[in-house]
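Here's the letter readout for the chains.
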Amino acid sequence: MGLMMSQKEGKRAQVMKLLEAGKIDQKEAGKRLTVSSRQIRRIVRRYRAEGLPGLLSKKRGQSSNRRLSDAIRVQAMDVIGAHYRDFDPTLVSCHV
């Protein structure tokens, strides 16, 4: 399976390799990734247990917690269509 990493995840992988090689310490790794030393310990623990897949976001492929339900989305589009026919798609997307 090929790993598609975001830039953030790729940077994490580089820093973890430097950390594992002993070229930097956890404090320096935290500075490079702009996370706390506690977060670095958590990331290192997952990296050691799972390898590169452990650095990938666990939310990948899941919908946002802030996503509106389809019923509310349809209801909002009905109200906008009934009262604001002159709105273009850009204005509607900003307000829904």
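Refer to the structure printed above.
## Comments concerning unusual backbone geometry
Move 1: The backbone of Thr34 shows a phi angle near 50°, a positive value even though the residue is not glycine.
Move 2: Within the secondary structure, Thr34 is located in the loop between helix 2 (26-33) and helix 3 (37-50).
Move 3: Thr34 sits in the exposed class, given a relative accessible area of 71%.

## As for the pattern of salt bridges
Move 1: Summed over the entire model, instances satisfying the criterion amount to 4 salt bridges.
Move 2: In this structure, Arg32 and Glu28 form a salt bridge, with 3.0 Å as the shortest nitrogen-oxygen distance. In this pair, Arg32 and Glu28 are both assigned in helix 2, 4 residues apart and thus about one turn of the helix distant.
Move 3: A relative accessible area of 35% means that Arg32 is categorised as partly exposed.
Move 4: On the accessibility criterion, Glu28 (29% relative accessible area) is partly exposed.

## Thoughts on the nonpolar core
Move 1: In this structure, Ala13, Val15, Met16, Leu19, Ile24, Ala29, Leu33, Ile40, Ile43, Val44, Tyr47 and Leu55 together form the largest nonpolar core, which totals 12 residues.
Move 2: For this core, the elements supplying multiple residues, two or more each, are helix 1 (7-20), helix 2 and helix 3.
Move 3: In this structure, Ala13 is in contact with Met5, Leu52 and Leu55, ignoring residues within four places of it in sequence.

## Description of the side chain of Arg12
Move 1: Tracing the sequence through the fold places Arg12 in helix 1.
Move 2: One buried charged residue, Arg12, remains without a salt bridge, the closest side chain of opposite sign being Glu9 at 7.0 Å.
Move 3: Every residue in contact with Arg12, bar those within four places of it in the chain, is listed here: Leu33, Arg42, Ile43 and Leu55.

Definitions and cut-offs
Residues numbered from 1 in each chain as written. Predicted model: local features only at pLDDT ≥ 70, side-chain atom pairs only at ≥ 80, totals over all residues. Heavy atoms only, no water. Helix = DSSP H or I, 4+ residues; strand = E, 2+ residues; numbered from the N terminus. Buried < 20%, exposed > 50% of the residue type's maximum accessible area, 1.4 Å probe, protein only. Salt bridge = Lys/Arg side-chain N within 4 Å of Asp/Glu carboxyl O. Core = buried A, V, L, I, M, F, W, Y, C linked by side-chain atoms within 4.5 Å. Contact = heavy atoms within 4.5 Å. Lys, Arg positive; Asp, Glu negative; His and termini not counted.

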